[in-house]
Amino acid sequence: MPHNGSKVDHSHKVLTLLALVPPGQVVSYGQLADLAGLPGRARLIGRILRTRDTSMLPWHRVVAANGRISLSRGSDGWHEQRQRLLTEGILLKGDRVPMEQYRWRPDLAAILMLMDQ
DNA sequence: TTCCTGACGATGA
DNA sequence: ATCATCGCCAGGA
């Protein structure tokens, strides 16, 4: 019996989920992890966004649980994400997105899509 | 192989 | 509200 702890790549599922987040709404890293069946692994989501090609995806709709943009404050990426959020009509309260108001609540259709892998 | 570093998050002081 | 601590763990050094 090989002791192999076969590495698993979760990026596909996570990115597929990300594509479902509607304009004007946001998800937190942790929420995305939960939806992908990876509870407690928010950091993995951050790693995936940083590592994979997200140019065709709404990467800017992923913010920290507290509503803040996780990219280092003031960096190019930070400005870019902030601008994109504003463009979608999200009203920031200071430097954060009011989560209660903009958090994505997946509808049944979205939930079902998650089930077929 | 060990050590360190994060696009995180919950909790407690 | 702010801050330190701890859990989590895939990669890089």
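What this report covers is the structure whose coordinates are included nearby. In this text the structure is predicted, and so the values were computed from the model without any measurement.

Definitions and limits used
- Residues numbered from 1 in each chain as written.
- Chains lettered and ligands numbered in written order.
- Predicted model: local features only at pLDDT ≥ 70, side-chain atom pairs only at ≥ 80, totals over all residues.
- Heavy atoms only, no water.
- Salt bridge = Lys/Arg side-chain N within 4 Å of Asp/Glu carboxyl O.
- Helix = DSSP H or I, 4+ residues; strand = E, 2+ residues; numbered from the N terminus.
- Buried < 20%, exposed > 50% of the residue type's maximum accessible area, 1.4 Å probe, protein only.

So, on to the pattern of salt bridges. Counted by the stated rule, this structure contains five salt bridges. A salt bridge links Asp-95 to Arg-68; the nearest nitrogen and oxygen atoms lie 3.0 Å apart. Taken together, the residues span a long stretch of sequence, with Asp-95 in the loop between α4 (76-87) and α5 (99-102) and Arg-68 in the loop between β2 (62-63) and α4 at a distance of 27 residues. We note a salt bridge from Arg-73 to Asp-95, for which the minimum N-O separation is 2.6 Å. You can see Arg-73 sitting in the loop between β2 and α4 and its partner Asp-95 sitting in the loop between α4 and α5, a full 22 residues away along the chain. For Arg-73, a relative accessible area of 57% gives the class exposed. Connected through shared salt-bridge partners, Arg-68, Arg-73 and Asp-95 make up one network.

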